[in-house]
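Below, each chain spelled out in residue letters.
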Amino acid sequence: MRSPLDDVPVPPANDVERTSLRLVFWSGFFLLLFAAGYLIVFPNHEKENFSELTWVDRPHFVVSENGSPNTGSIVFSIRLHSFEKENTSYRVNIQYEGRTIATKNVSLAVGEIQTVDFSIAAKGTLDSQNQIHVLVTKPSADANKSNDAPLELTGYFPD
């Protein structure tokens, strides 16, 4: 006697699975070719121009040995690191209590790091409410040229 299941046709052996795997393989292969072609045509995009500004020595007040007790200097150092594509000039402005008290021009070669020290004469008492604001810009010979955003640091005096 024959089994009733003998009349049921045998399903195709994994045809759908093989077809979908083949489709995934060829899709991945063409995607890989497209990505390789893109990297060959547009290899490495140029890096953005930027500079980095950090504290080396935070602002602090040094009392003068000769003179009244509230007379001395505000002393601090900053580090300027250029990642520009060409030599660049910078203008470092130091602001204290809303007014510019010192300005220095700094020129850096490509990839150069320079430490800029400041010692600014001051009179009075300083506390955590006082702040030194460092603003670095790139002065441009062309006034119509858009200037990059300035680099800024704000330093507070310890109590």
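Refer to the structure presented above.
Here's a quick rundown of the structure. Computed from a predicted model, the values in this text were never measured in an experiment.

A look at the overall build of the protein chain
Stage number 1. Within the protein chain, the secondary structure is distributed over one helix and seven strands.
Stage number 2. Ordered by position from N to C terminus, the α and β elements of the protein chain give α-β-β-β-β-β-β-β.
Stage number 3. Relative to its 159 residues, the protein chain shows a buried fraction of 23%.
Stage number 4. Looking at the protein chain alone, contacts between residues at least 24 apart form 63% of all its contacts between residues at least 6 apart.
Stage number 5. Carbon together with sulfur atoms contributes 56% to the accessible area of the protein chain, which is approximately 11800 Å² in total.

Looking at the nonpolar core
Stage number 1. One finds F76, I78, V92, I94, F118 and V134 to be the most contacted residues of the largest nonpolar core, which totals 21 residues.
Stage number 2. Other than its neighbours up to four places away in sequence, I78 contacts L53, T54, W55, V56, V92, Q114, T115, V116, F118, V134 and L153.

Describing the packing of aromatic side chains
Note on aromatic pairs: each is described by the distance of the centres and the angle between the planes.
Stage number 1. This structure, assessed with the given rule, holds seven aromatic pairs.
Stage number 2. Seen from their ring centres, W55 and F76 are 5.9 Å apart, and the 80° between their planes marks the pair as edge-to-face. Within this pair, whereas W55 is found in strand β1 (residues 51-63), its partner F76 is found in strand β2 (residues 71-82), the two being separated by 21 residues in sequence.
Stage number 3. Ring geometry for F76 against F118: centres 5.1 Å apart, planes inclined by 20°, an arrangement best described as stacked. Of this pair, F76 sits in strand β2 while F118 is found in strand β5 (residues 113-123), placing the two residues 42 residues apart along the sequence.
Stage number 4. Its relative accessible area of 5% is what places F118 among the buried residues.
Stage number 5. Put simply, the rings of F25, W26, F29 and F30 touch in pairs and so form one group of aromatic residues.
Stage number 6. Over the aromatic face of F118 sits the side chain of K104, whose NZ or CZ is 4.7 Å from the ring centroid.

The rules behind these values
Residues numbered from 1 in each chain as written. Predicted model: local features only at pLDDT ≥ 70, side-chain atom pairs only at ≥ 80, totals over all residues. Heavy atoms only, no water. Helix = DSSP H or I, 4+ residues; strand = E, 2+ residues; numbered from the N terminus. Buried < 20%, exposed > 50% of the residue type's maximum accessible area, 1.4 Å probe, protein only. Contact = heavy atoms within 4.5 Å. Areas by Shrake-Rupley, 256 points an atom, 1.4 Å probe, with all protein chains shown as cover. Core = buried A, V, L, I, M, F, W, Y, C linked by side-chain atoms within 4.5 Å. Phe/Tyr/Trp six-rings, centres within 6.5 Å; stacked < 30°, edge-to-face > 60°. Lys NZ or Arg CZ within 6 Å of the ring centre and 35° of its normal.

Geometric descriptors of this kind do not, in isolation, establish any biological role.
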